Amino acid sequence: MDAATRSENARAIFAAGLAAAEPSNCVRRALAVEGSYLRCGTRHIALDSISTLRVIGAGKATAAMAQATETILGEHIDAGAINTKYDHSLPLERIEIFEAGHPVPDEAGVAGAQRQLELLTGLDENAVVIALFSGGGSALLPAPAPGISLADKQEATRQLLACGATIDQINALRKHLSAVKGGLLTRAAAPAQICALMLSDVIGDPLDTIASGPTYPDSTTFTYCLELIDRYDLRQQLPTSVRQRL
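Here we summarise the structure given alongside this text.

Conventions used here
- Residues numbered from 1 in each chain as written.
- Predicted model: local features only at pLDDT ≥ 70, side-chain atom pairs only at ≥ 80, totals over all residues.
- Heavy atoms only, no water.
- Helix = DSSP H or I, 4+ residues; strand = E, 2+ residues; numbered from the N terminus.
- Buried < 20%, exposed > 50% of the residue type's maximum accessible area, 1.4 Å probe, protein only.
- Contact = heavy atoms within 4.5 Å.
- Pairing = 2+ DSSP bridges.
- Axes fitted to C-alpha atoms, helices over the stretch in contact; angles between N-to-C directions.
- Expected span 1.5 Å × (residues − 1).
- Parallel < 35°, antiparallel > 145°, perpendicular 65-115°, else oblique.
- Left-handed = near helix turned anticlockwise from the far one by under 90°.
- Nonpolar A, V, L, I, M, F, W, Y, C, P; charged D, E, K, R; others polar.

Considerations on the side chain of Thr-209
1) Next: Among the secondary structure elements, Thr-209 is positioned in the loop between β8 (193-198) and α9 (222-231).
2) Next: The exposure class assigned to Thr-209 is buried, which follows from its relative accessible area of 6%.
3) Next: Not counting the four nearest positions on each side in its chain, Thr-209 is found in contact with Ile-167, Asp-168, Asn-171 and Val-202.

Below is the structure:
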C-alpha cells in the first residue's frame with residue numbers, strides 16, 4: 001500500500017469516527033417516534049399515555065442533541081431548557097438555551113439549572129423527561145448544595161482542576177457539592193419517567209461520571225471525597241463551606 005492510499009484510508013477512518021459521534025446522528029439512533037410510540041433506546045412508551053414531555057440537559061454538544069430531539073419529537077415537547085457553553089447555541093423552537101461558563105461554572109449556569117428544576121417540579125407518573133447530557137455537563141449545570149455559594153464552588157472547581165485529579169475524581173467531588181448531580185436531578189423529577197441520552201467523553205463510559213451523573217445513582221461517598229482532598233493536599237485550600245459539606 002503506497003503512502004497516498006494510506007493517507008486516504010486514514011482520512012476515511014477519521015471521517016467515519018466523527019460521523020459516528022456526531023451528536024444529532026447519535027440522538028437519531030436512540031430516539032424516535034414509531035407509530036403511536038416514543039422509542040428511547042430500548043424503551044417504548046405509548047404517546048397517548050404521556051401527560052407531559054419535557055427536555056432538559058447540559059453539555060457542550062447538548063444544543064445539537066436538543067436540535068435533533070426537536071426535529072424528532074416536534075409538538076410532542078411541552079417545554080424544555082438546556083445549558084451549553086458560550087457560543088455553542090443552535091436555533092431551537094421549543095427548548096430554551098442558557099449559555100454558561102466552562103470549565104468554571106458561573107451565574108448563567110445556575111440560572112439555567114434553576115430553570116430546569118422548575119420544569120421538573122410537579123410532574124406526575126405519566127410525564128416523560130428527555131435528559132440530554134454530554135461532555136462539559138458537570139461545569140455547565142451548577143446548582144450548589146445548600147450552604148455552598150457559587151463563589152465557593154468556583155474556587156473548589158479551580159483547585160480541583162489544578163491539583164492533577166482525574167475526571168472521575170473531580171466529578172465525585174462535584175457530585176457531593178451539588179443539588180442536582182449524582183442522581184439528584186432524577187429525584188427532583190420523581191415520579192416522572194426519565195429517558196437519559198448521554199454522549200460520553202469519559203473512558204469506559206461510566207454513567208455516574210458523565211456530566212457527574214445527574215440522572216444516575218452515585219457510586220461514591222462523602223468519605224471517599226474526604227480521602228481525595230487529603231490525597232491531593234486540598235483540605236486547607238478549599239473554602240470552609242466545602243470542607244463542612246464534605
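So, the sheet that holds strand β1 (residues 31-34)
1) Next: Strands sit in the order β1-β2-β3 across an open sheet of three strands; the sheet is antiparallel. In this open sheet, the two strands that pair with only one neighbour each are β1 and β3 (43-46). The average angle at which neighbouring strand axes cross in this sheet is 25°, direction not considered.
2) Next: Judged from the four bridges that link them, strand β2 (residues 37-40) and β3 form a sheet pairing that is antiparallel. By the bridge assignment for β3, Leu-38 is matched with Ile-45.
3) Next: Contacts from helix α2 (residues 23-30) reach β1 and β2, with the element oriented near 40° to β1.
4) Next: Contacts between helix α3 (residues 62-73) and the sheet are confined to β1 and β2, with β1 contributing the most and set at about 5° to the helix.

A closer look at the pairing of strand β7 (residues 128-133)
Each regular strand carries side chains that alternate between the two faces of the sheet.
1) Next: Buried residues dominate β7, accounting for six of its six residues.
2) Next: Of the two faces of β7, the one lined by Val-128, Ile-130 and Leu-132 and the one lined by Val-129, Ala-131 and Phe-133 are each fully buried.
3) Next: Sheet topology note: the strand β4 (residues 53-58)/β7 ladder contains six bridges and is parallel. Each residue of the ladder has a partner; that of Gly-57, found in β7, is Leu-132.
4) Next: Strand direction decides the pairing type here: β7 and β8, joined by six bridges, are parallel. By the bridge assignment for β8, Leu-132 is matched with Leu-197.

Regarding the sheet that holds strand β5 (residues 79-85)
1) Next: Strands sit in the order β6-β5-β4-β7-β8 across an open sheet of five strands; the sheet is parallel. For this open sheet the edge positions go to β6 (96-100) and β8, each flanked by a neighbour on one side alone. Within this sheet the neighbouring strands show an average axis-to-axis angle of 15°, counted without direction.
2) Next: This element, helix α4 (residues 107-120), spans β4, β5, β6 and β7 of the sheet and lies at about 160° to β5.

Some points on α3
1) Next: Here α3 contains 12 residues, and its C-alpha end-to-end distance of 16 Å stays within 8% of the 16 Å for a straight helix at 1.5 Å per residue.
2) Next: Every buried residue belonging to α3 is among Thr-62, Ala-63, Ala-64, Met-65, Ala-66, Ala-68, Thr-69, Glu-70 and Leu-73, and all of these are buried.
3) Next: In the segment just after α3, Gly-74 is the residue with positive phi, at about 50°.

Regarding the packing of α2 against α3
Helix packing for two helices is described by the angle between their axes and how far apart those axes are.
1) Next: It is the contact of α2 with α3, at a shortest axis distance of 8 Å, that shows an interaxial angle of 40°. Relative to α3, the element α2 is oriented oblique. Taken as a pair, α2 and α3 cross one another with a handedness that is right-handed. For the pair α2 and α3, the contacting residues are Pro-23, Ser-24, Val-27 and Arg-28 in the first and Ala-64, Met-65, Ala-68, Thr-69 and Ile-72 in the second.
2) Next: Taken together, the residues of the contact of α2 with α3 break down into six nonpolar, two polar and one charged.

Some details on the environment of Leu-246
1) Next: Secondary-structure assignment places Leu-246 in the segment after α10 (240-245).
2) Next: Accessibility expressed as a relative area gives 12% for Leu-246, which makes it buried.
3) Next: C-alpha separation for the pair Leu-246 and Thr-223, spaced 23 residues apart in sequence, amounts to 7.7 Å.
4) Next: Apart from the residues lying within four places of it in its own chain, the contact partners of Leu-246 are Leu-173, His-176, Leu-177, Phe-222, Cys-225, Leu-226 and Ile-229.

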